[in-house]
Each structure stands twice: as C-alpha cells, then as structure tokens.
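Structural overview
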Number of protein chains: 2
Amino acid sequence: MAEAINKKAAIIGGGVIGGGWAARFLLNGWDVAVFDPDPQAERKINEVLANARRSLPALYDRSLPEEGKLTFHDDMAKAVSDAQWIQESVPEQLALKHKILAQIQAHAPSDCLIGSSTSGFKPSELQQGSIKPEKIIVAHPFNPVYLLPLIEVVPSAATDAATLEAGCDVLRSVGLKPLVVRKEIDAHIADRLLEAVWREGLWLVHDEVATTEEIDDAIRYGFGLRWAQMGLFETYRIAGGEAGMEHFIGQFGPALKWPWTKLMDVPELTPELTARIAQQSDDQSGHMSIRDLERLRDDNLVGMMRALKKSGSGAGGTINDHEASLPEPMPINDLPVTGDRQIPQSWTDYNGHMNEAHYVEVSSQASDRFMELVGADANYIASGGSYFTVETHVCYLHEISAGDHIRVTTQLIKGEGKKLHLFHRLINDEGAVAATIETMLLHVDLKTRRTSEPGGVVATNLAEMAKRHADLPKPDQLGRAIG
Amino acid sequence: MAEAINKKAAIIGGGVIGGGWAARFLLNGWDVAVFDPDPQAERKINEVLANARRSLPALYDRSLPEEGKLTFHDDMAKAVSDAQWIQESVPEQLALKHKILAQIQAHAPSDCLIGSSTSGFKPSELQQGSIKPEKIIVAHPFNPVYLLPLIEVVPSAATDAATLEAGCDVLRSVGLKPLVVRKEIDAHIADRLLEAVWREGLWLVHDEVATTEEIDDAIRYGFGLRWAQMGLFETYRIAGGEAGMEHFIGQFGPALKWPWTKLMDVPELTPELTARIAQQSDDQSGHMSIRDLERLRDDNLVGMMRALKKSGSGAGGTINDHEASLPEPMPINDLPVTGDRQIPQSWTDYNGHMNEAHYVEVSSQASDRFMELVGADANYIASGGSYFTVETHVCYLHEISAGDHIRVTTQLIKGEGKKLHLFHRLINDEGAVAATIETMLLHVDLKTRRTSEPGGVVATNLAEMAKRHADLPKPDQLGRAIG
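Residues numbered from 1 in each chain as written. Chains lettered and ligands numbered in written order. Predicted model: local features only at pLDDT ≥ 70, side-chain atom pairs only at ≥ 80, totals over all residues. Heavy atoms only, no water.

1. A closer look at the overall build of chain A
Within chain A one finds 16 helices and 14 strands. Just so you have it, chain A exposes about 18700 Å², and 50% of that area is on carbon and sulfur atoms. Separation between the mean location of the 47 positive side-chain charges and that of the 67 negative ones in chain A comes to 5 Å. (Helix = DSSP H or I, 4+ residues; strand = E, 2+ residues; numbered from the N terminus. Areas by Shrake-Rupley, 256 points an atom, 1.4 Å probe, with all protein chains shown as cover. Lys, Arg positive; Asp, Glu negative; His and termini not counted. Charge placed at Lys NZ, Arg CZ, Asp CG, Glu CD.)

2. Description of unusual backbone geometry
Put simply, A:N143 and A:P144 share a cis peptide bond, and its omega is -5°. Mapped onto the fold, A:P144 is located in the loop between β6 (136–141) and β7 (150–154). Unlike most non-glycine residues, B:H188 shows phi in positive territory, near 55°. Tracing the sequence through the fold places B:H188 in the loop between β8 (177–180) and α7 (190–206). Judged by relative accessible area, B:H188 falls into the buried class, the value being 1%. (Buried < 20%, exposed > 50% of the residue type's maximum accessible area, 1.4 Å probe, protein only.)

3. Concerning the packing of aromatic side chains
Per the stated rule, a full pass over the model turns up 13 aromatic pairs over all chains. Each ring, one from A:W198 and one from B:F233, has its centre 5.3 Å from the other, and the planes form 50°; the classification is tilted. Here the residue A:W198 occupies a position in helix α7 (residues 190–206), and B:F233 occupies one in helix α9 (residues 233–240), the pair thus bridging two chains. Ring geometry for B:Y359 versus B:Y396: centroids 4.7 Å apart, planes at 85°, classification edge-to-face. (Phe/Tyr/Trp six-rings, centres within 6.5 Å; stacked < 30°, edge-to-face > 60°.)

4. Focus on helix α1 (residues 15–26) of chain A
Residue and element names in this part refer to chain A. Here α1 contains twelve residues, and its C-alpha end-to-end distance of 16 Å stays within 8% of the 16 Å for a straight helix at 1.5 Å per residue. By the criterion of burial, α1 is predominantly enclosed, with nine of the twelve residues buried. Of all the positions in α1, only G18, G19, G20, W21, A22, A23, R24, F25 and L26 are classed as buried. (Expected span 1.5 Å × (residues − 1).)

5. Observations regarding helix α12 (residues 290–311) of chain A
With 22 residues, α12(A) ought to run about 32 Å at 1.5 Å a step, and its terminal C-alpha atoms sit 32 Å apart, in line with that. In the segment just after α12(A), A:G312 is the residue with positive phi, at about 75°.

6. A short note on the interface of chain A and chain B
The interface of chain A with chain B comprises 141 residues on the first partner and 140 residues on the second. Note on chain A versus chain B: buried area summed over both sides is about 14400 Å², and carbon and sulfur give 65% of it. Applying the counting criterion to the chain A and chain B interface returns eight salt bridges. A salt bridge links A:E200 to B:R192, with the nearest nitrogen and oxygen atoms 3.3 Å apart. A class-by-class count of the residues in the side of chain A that touches chain B yields 70 nonpolar, 35 polar and 36 charged. The pairing of strand β10 (residues 385–396) of chain A with strand β10 (residues 385–396) of chain B spans five bridges and is classified as antiparallel. Each residue of the ladder has a partner; that of A:V394, found in β10(B), is B:T392. (Contact = heavy atoms within 4.5 Å. Buried area = accessible area lost by both parts, 1.4 Å probe. Salt bridge = Lys/Arg side-chain N within 4 Å of Asp/Glu carboxyl O. Nonpolar A, V, L, I, M, F, W, Y, C, P; charged D, E, K, R; others polar. Pairing = 2+ DSSP bridges.)

7. Topic: the relation of the copies chain A and chain B
In this arrangement, two copies of a chain are superimposed by a rotation about an axis accompanied by a shift along the axis. Superposing chain A onto chain B takes a rotation of 180° combined with a translation of 0.0 Å along the rotation axis, leaving an RMSD of 0.1 Å. The two molecules are tied by a two-fold rotation axis, judged by turn and shift. When the interface residues of chain A are mapped onto chain B, 99% of them are again interface residues, pointing to one common binding face. (Least-squares fit on C-alpha atoms with pLDDT ≥ 70 in both.)

8. Quick word on the pattern of salt bridges
Close approach of charged atoms allows side chains of opposite charge to pair. Tallied over the full model, the rule gives 42 salt bridges over all chains. Ionic pairing is found between B:R220 and B:D217, a salt bridge with its closest N-O pair at 3.1 Å. Residue B:R220 and its partner B:D217 are located together in helix α8 (residues 212–227), separated by three residues, close to a single helical turn. Connected through shared salt-bridge partners, A:D61, A:R306, A:K309, A:E323 and A:R341 make up one network.

9. Remarks on the state of the cysteines
Should the sulfur atoms of two cysteines be covalently bonded, the bond is a disulfide. The final tally for this structure, using the stated rule, is zero disulfides over all chains. A:C112 forms no disulfide, and the closest cysteine sulfur to it belongs to A:C168, at a distance of 15 Å. (Disulfide = S-S within 2.5 Å.)

10. Quick notes on the sheet that holds strand β3 (residues 70–73) of chain A
All names here are of chain A. Strands sit in the order β3-β2-β1-β4-β5-β6-β7-β8 across an open sheet of eight strands; the sheet is mixed. Pairing within the sheet leaves two strands with one partner each, and these edge strands are β3 and β8 (177–180). Within the sheet, the average angular offset between the axes of one strand and its neighbour, ignoring direction, is 25°. By the bridge criterion, three bridges tie strand β5 (residues 114–116) to β6 in an arrangement that is parallel. Each residue of the ladder has a partner; that of G115, found in β6, is I137. Sitting on the sheet, helix α2 (residues 41–55) is in contact with β2 (31–35) and β3, with an inclination near 155° to β3. Those strands touched by helix α4 (residues 94–107) are β1 (8–12), β2, β4 (85–88), β5 and β6, and its axis lies near 160° from that of β4. (Axes fitted to C-alpha atoms, helices over the stretch in contact; angles between N-to-C directions.)

11. Observations concerning the domain arrangement of chain A
Residues and elements named next belong to chain A. Taken domain by domain, chain A consists of domain 1 (8–180), domain 2 (190–287) and domain 3 (337–469). The C-alpha-based centres of domain 1 and domain 3 are spaced at 40 Å. Taken together, the contact pairs eight residues of domain 1 with eight residues of domain 3. Here domain 1 and domain 3 share an interface that buries about 640 Å² over both sides, 36% of which is from carbon and sulfur atoms. Summed over the shared surface of domain 1 and domain 3, the result is one salt bridge. At the surface where domain 1 touches domain 3, the tally comes to six residue pairs in polar contact (both at pLDDT 80 or more). A per-class count over the side of domain 1 that touches domain 3 returns three nonpolar, one polar and four charged. (Domains from an automatic or database assignment. Polar contact = N/O pair within 3.5 Å; in protein donor to acceptor, adjacent residues only side chain to side chain.)

12. Some remarks on the sheet that holds strand β4 (residues 85–88) of chain B
Residues and elements named next belong to chain B. Spatial ordering of the open sheet is given by β3-β2-β1-β4-β5-β6-β7-β8, a layout of eight strands whose pairing is mixed. Both outer strands of the open sheet, β3 (70–73) and β8, are each paired with one neighbouring strand and no more. Neighbour-to-neighbour, the strand axes of the sheet open up by a mean angle of 25°, direction not taken into account. Where strand β7 (residues 150–154) and β8 come together, four bridges link them in parallel fashion. Residue pairing across strands places I151 opposite P178, the latter belonging to β8. Sheet contacts for helix α6 (residues 161–173): β4, β7 and β8; angle to β8, the most-contacted strand, approximately 150°.

13. Quick notes on the side chain of A:Q127
Residues and elements named next belong to chain A. Residue position: Q127 is located in the loop between α5 (123–126) and β6. The exposure class of Q127 is buried, given its relative accessible area of 7%. For Q127, the contacting residues outside a window of four places in its chain are P133, I136, S156, A158 and T159.

14. Describing the packing of helix α1 (residues 15–26) of chain B against helix α2 (residues 41–55) of chain B
Residues and elements named next belong to chain B. Closest axis-to-axis distance for the α1/α2 pair is 8 Å, and the angle between their directions is 50°. The angle between α1 and α2 places the two elements in the oblique class. The element α1 and its partner α2 pack so that their crossing is right-handed. Residues G15, V16, G19, G20, A22, A23 and L26 of α1 form the contact with α2, whose own contacting residues are I45, V48, L49 and A52. Tallied by class, the residues present in the contact of α1 with α2 amount to eight nonpolar, three polar and no charged. (Parallel < 35°, antiparallel > 145°, perpendicular 65-115°, else oblique. Left-handed = near helix turned anticlockwise from the far one by under 90°.)

15. As for the environment of A:D299
Residues and elements named next belong to chain A. Tracing the backbone through its elements, the reader meets D299 in helix α12. Between the alpha carbons of D299 and S55 there is a distance of 7.0 Å; along the sequence they are 244 residues apart. Contact partners of D299, with chain neighbours within four places excluded, come to R54 and Q345.

16. Comments concerning the environment of B:V32
All names here are of chain B. In this structure, V32 sits in strand β2 (residues 31–35). Of the residues examined, V32 reaches a relative accessible area of 1% and is grouped as buried. For the pair V32 and I11, spaced 21 residues apart in sequence, the C-alpha to C-alpha distance is 7.0 Å. When residues no more than four places from it in sequence are discounted, the contact partners of V32 are A9, I11, A22, F25, L26, K69, L70 and T71.

17. A short note on the side chain of B:R237
Within the secondary structure layout, B:R237 lies in helix α9. Sequence-distant contacts of B:R237, that is, excluding residues within four places in its chain, are made with A:S281, A:D282, A:S285, A:G286, A:I290, A:L293 and B:M245.

18. Describing the pairing of strand β13 (residues 433–445) of chain A
All names here are of chain A. Burial of β13 is extensive: ten of the 13 residues sit out of reach of the surface. Summarising the sheet, β10 and β13 pair through eleven bridges and their orientation is antiparallel. Following the sheet pairing, T389 is matched in β13 by L441. Taken together, the nine bridges between strand β12 (residues 419–427) and β13 define a ladder with antiparallel strand orientation. Residue pairing for β13: K419 is matched across the bridge by L442. Connecting β12 to the antiparallel partner β13 that follows it, the hairpin turn spans five residues, and G431 within it adopts a positive phi of roughly 85°. By the bridge criterion, two bridges tie β13 to strand β14 (residues 450–451) in an arrangement that is antiparallel. Bridged to D445 within β14 is R450. Turn length for the β13-β14 hairpin, with the two strands adjacent in sequence and antiparallel, is four residues, and the turn residue R449 shows positive phi of about 60°.

Rendered as structure tokens:
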C-alpha cells in the first residue's frame, strides 16, 4: 500500500507561538518542518507538543488524523521546500522579520503563502522590500495556539482575494477560525482591546485600588464568562433588552462617559511598579509552576469549549465544523465503527480512570451513529420518528485512561418491528475489548411519545444489516444479568 | 410540624438587575419582598425568574433549598420590615438614590445592611445625608445576576470591618463571590476595564476597522476564553513562562506602548455612529429575539461554569463551595437518599429528554455518596482503597426532562467481602420510579489496581447497613437481562 503524502507546514521560529503552530498542524496530520537556530528549539517545541497532545484531541468526539512527521532544520531551503504553508514567528523586530522573510522567499515554493504571527506590524510593513509581497499576510494567533481558534488574518492592498481565501481555507482545515481584518492598523483588533484593559489594569495596581488577583477575579467571576461566548456588543444587545442597541447606547452612553474621561495616559513601568506586579502575581499563584498553570488553563479551556459545542456558540461552532470534516473510520471485523475518539481529561474521576457514565456517553453516540447508518438520521428525526433507549447493560472489562484512543464497533443483534437490539464493543489501542454495552431501543413517534413502527427505508436498511450480521458469533456478554 | 421561618430580602427597584437579585435570593430559599411603583414590575420580575429557574439550579449537582415566597409592595415600610438584606437597584441618579435610601432607612430594621447595585457611584456619595451611613455599602452585581457570581462590595470610611464581613457572609450564602474593593473609585474595578474595551471597540466601529460582530469574534474565539477562567494577569504570567512576570513586563512593556499612545480620546456618540452600531448588531443577531439570546447565553454560562466545577477554577470554585453548604436530603422509604438534583438543559439530547448517559452519571454520583455513607470517603480513597464499577444494568422507565427534580434512593443488595451490589432508583417529582440502575462494584487497592478486601470500618458499616436493608422487598428489576 502506497504511503499517503501529507501536506507540509514550515514553522520559522520555535518558542511558545511557533510550537503552538507546529502542534496545530502536526495533530491535524500535516508534516511539520521547524527552522530555528536556537539549540533549545527542539526541547521547547516538544514541551508545547506534550501539552497539545493532551488537550487538542480532547476537544473532539472523533479522532483527529494520524500525527504528521516533525523535523528540525538549520537550513532554510530544506525547511521550506515543498511547503503548503509557511508560518513566521520570530521576535517582534521589523528588520529581523524583513531578513527572515527574504530568506524564506528565496527558497519557498512560488505559490506558497507566508503567514506572520506578528502582533503589532501591518502586512504592508512586513512586505517592504519583498520579491513577492502579495504572498505575505499577517496570521496572528492567540496563546495557546493549539487550543484557541482565533487567527487574525490581515491582508494589504497587495493581497488578492483568491489568495486570501485560499489561506483562510488552510487555516480552517486545521480547526482555526480566521477573522479577516478589513483595514491594516497597528496591533490589529484583539490586541487593541487587550491593551486597553492592560493599561487600565496597570493603573489600578499603580493606584493601589486593586491587586493583580483582585483584577483577575473581577474578570473571571463576572464579564469574562460573558465574553467567552458572546463578546462585548452582543452582551450589551441583551442588556439593552427589547428596546435594542440604539436605546442601550442612548441610555448608557452618557453614564459611561464619566469614568472615560480619566486615566487616559499610561502609567510608567518603573522598577517599583514592575516589582509590585510581580510580587502580587507570586502571591496569587506562586504556589503553582508554570507547567501546572498551563495544564489547569488547558483543562479549563477544553471543558468550556466542549460545553460550547452543545450550542455551537463561538469556539464550539468552530470545533463542530472541524469535527464534521474529519475522515470516517474503517470497519473492524466486518462491523461498522460507530465511534473513534480520544478520552478527555475531564472524563476521568477520583479513581484515575474514565468515569462509568462516559462509557454510556460513548455508547449513546455509537447508537446515534448506527441510527444514521440505517437512515434514522437528523432529517428522519426532524420528521418525527426516533429511537429511545429502554434498557442497557454495561460490562466494564479494562480501565480506560485520559488520552487513550478508543474505537467502537456495533453489532446488530435484532432490528425488527419496533425493536432495535445493539451490542457495542469499546476497543482500546491494544485491540482489547475494554467494555461491552448491550442496549435495547424502541422506535417512537416523537409527537405522541409512544412506540411505533419505523419508516420503510429504516426497516429495509435494518433487514439488510441483519442479514450481514446474521452469521457473526454471538457476544459472550449477550443477555448477561448481574449476580 | 412548625413551618420554618425563611430569611427575608427586600428588593427595591425591579427591572433586570432587581429581578436578578430577587431570583438569586428566592431560589436560595429566602422570602423576597419587591418594592417598585412600576405596574410592569411583577411581569418583568417573573420573566427574569423564569430564566433563573431554568438555569441557576442547573449549575449544581444537588438541589437548592425550596423556593421562598415572593411578594410585591407599593408600601416601603411593608417591603423592608423584618428584612435581613435590602438591595437598592433604582436608576443611576444620585438624587433619586438619596431619596430612596432615606425612605428605606426610615423603615428598615436598624441593623440591616443596604446594598446598592450602583455601577458608578462611590459608597461615600450614596451615604451623603443618611441617618445611618455605616449601613449603606455598594454591592454591584453583573448581569445575569442569578448566574454570575461576582459582586463588587465597596465600603467607605464609615463602614466597620464586622459589618462588611457580615454582609459578605450573606452574599456568599446565596452563592455569590464578594470582591471587596480596597479604595472607593468611580465605576469600581470591573466597569473600569469594561469601559476601556468599550471605548476601544467604539473607535474600531467608528473608524470602520471592524463591525460589532468582528469585534465580538475577536473576543470570544480568543482571549475571552482565557479570561473566563484566569483573567488578565494570570494569563500573562503563563505567557511570561518560567522567567516570570518581571521578565514579561520587561519584554512586552515597550512593544505594547506603541498602540497605547493612540486613540486616547473618546469617539462622539453621534446619531450616525449609534445607528451604525445598531445596524451591525441587527446584522449579527437580529434573527434571534432577546429571549432567545438570553437563553443561549444562560445555557452557555451554565455549560462553561459546570465545566469549571471540575477544576474548581473561578466560578467553578464558588459553585463547589456553595454546593457543599446545601442541606442534606431526608431518607425515603427507609432508604438513604444519595442524590437530589434538578436536570440541566445541557443533559438533554435531540429526543428532547435527558440523555441515557446522564442516568449513569446520576447513579455514579449516588454510588459515591453511598460509599461516603459507609466510610469509603475522600480520605479513605486517598489512603489507597476504593471501589470500581464492573457491571451496570439500567432500566429506563419514564422520560426525564430539563428542569425536572430527581431524587435517588440506594438499596444495598449485598455488601460482603470485595463485592458491593447496589440498586439505585431515580424518583421523579410525581414519586414515580423513572429509572433503576443495578450496579456491581468491587473493592480495589488503588496502587496495584487489583481487587482487595475493604478496610475494617467500611466492612462493619456495610454489615450494619445490610442488616437494615435485609427485610426490604427485592426490586422487580433485580438481576434482569436484556431480551
């Protein structure tokens, strides 16, 4: 069997940002070539990768593609050859960026886009002196790059629309959310907002109104929770109520203006103010290492983003779209594979393994997938028919841990009339059956909430599937009772 | 049986904020008296309450106390009599607030604290002309008040420490997170940060750099997700890495200064700019009603805050603390009640009822609670012994919907040697058994991950519990097999 040829991303400049980019591409099946003269680059990137492997797949209820190949280079020509995407993440010095971009373009494939991670420079500044200015854009990510979907994409007048759209397609294909910025300005959009808050926060510390911890608390116990899902204007739209945004601005504009008139200058970052901030930050979380904080942050992000998947809001919608584009798993032992996923950290309990409820979550998703396969899909359900689970028997055979990769096969035991009798096996990476879930479902009319016969297509598909599964051996655990 | 006397909160001024306060107290078992001359006050508050009933209990894995009694008054003396907390939420006009605060203090119990929801005024301003200035503080909430835990509590020089601490205790008892602000300043802390972003956002719309939707996307797909859990400084602490905050400020301070020097004045809110913002907001979400938006917001908040419960970060920690303080349920039919909760919206699926996996989540929590009752609690587990579930049989008997109240009883079938055989019943509000979960657990040594005998205390407690349960009738569903 010929090996599939992966796409290739060149990551120019390692560190936390470059490492995040590398992880994002690698865990989405791309080969990644890193160029960084720093002898510590490989260690640093592998540290970021360890975090990413733990959390990015945990966002999804389906497996990501197999990881690509990671290589390190001190030769720019080798790093960028055959690349479909080049990402520059070197320090924020314009002269340095010009030098590196020139080196990249001397060796890169002629049609390859170069995204710059710059948080401050405009694309037209980066393009100065370039042999192909139209291939350089800003693609500004947010830390941790392997989890947060936002990428500010900033074109210049030199960028054509087709190139821009192709670049956005690449970013979307690795689960990112490109936000195209209409006009070039210093610091794009998000950092403008961040710096406004940063400046205000520094004043509050400077004036001894609040400590760093109190400022963080003022954010995370309050409006931070609103912003994670809706942002600023949408929140105010709701605050305005039925009367609408014009009313809101009319009502609150004048009141908001009073404090606006203050603190417009910037506090000087004296050694004293810097030391005060550092000390307060130590008081707040000096008991945790940066690694501990990163993991806490990532677990929280995964948990919140998984919660947003339910409504499809913000980052949840990005994950759903990306998940729908992931490849279908292949059958195992003539059985359809109705689940294929990595186990998130948040699914484990005090015993240090996957909690029993999530076995049934996996089997519930497998039943849904099986229903789709026989035509009882979202459209069918919208038309008023569905299956309800009435009885389930779980045998827990092997422990499953966070990060484990699980596939689910589904054997049709019986699919006649109103009854749908399924047998799910959860198979671990060693090929062992880690759990079995036998389940009986009944077809229902969603209006009356009473049992009913399934539609013709579903009945026919079930009969065909039953024929294919008729000669399979009966599972050992079938019809088990406890005790 | 004598009726328990509830605590009483007086809510002065209805509307969205007053309604949120009313809901927060009411759903935590307080009686609430609302004073508002607006004839629409009752309707408005009931609308907020409907949202709150749907979402506040969904944050918890245990039932909140029984709802208190809600009354409406146009007589201030009746509204505030016997109150333990009075909350003023009238419009942001200092003269009006002075008038209302004087009316309140003329009739209020002499030791009763009055919290003002003001977002702009300092407590010393509110206290001007008061007969008891020391009883007036700022208690500034965030919308939706029934969900977001943050309350900025601002004392003045007139406030003594004991009064302040007693006030914070009241707020904590209804699940809030009081943040005491050290110095009186206009707009306290959070609104200073919000207004900085609001000003910057208005400029971006004014300059046609971004639409309201693009600004919201720049927040919610990126740093909003960081802020919901950690805030600003903690996020930068991580960005600074092992080198620490001083390094971070040294490195990024100068770069951040460039855009700081711009846009320091305030855009004029002309009718044109106001109309542009309103139109962009309509384009963004005009297809949804404010009610739809509120429900989406609340479902997202509940989902994210439930995710934060896992780590105890930010709002998750506040919920965990509050949950631990909730009263224990009473036994039913001589069986211990090992679960007592409302069903969150996020637990339902496309069939419009609780998904099958959450029945096992409820039974898993019931098994945990039962283990605590026989001494296999957190300390016991930390010492190296625990129980693993090896087999579970679920009978789904009645549909369970979002908002339903469920209690769980646990019958000990057998608790000898390594085996723990339990039978859980999920009982709905009509007293019907909505599901049964039979489950077999084995005692394990957490180090070897192999079965082992339980500790002496656990064995003894199980033997005693077995005696008490010996004469109970065997459940119908015991030992069932599927098919």
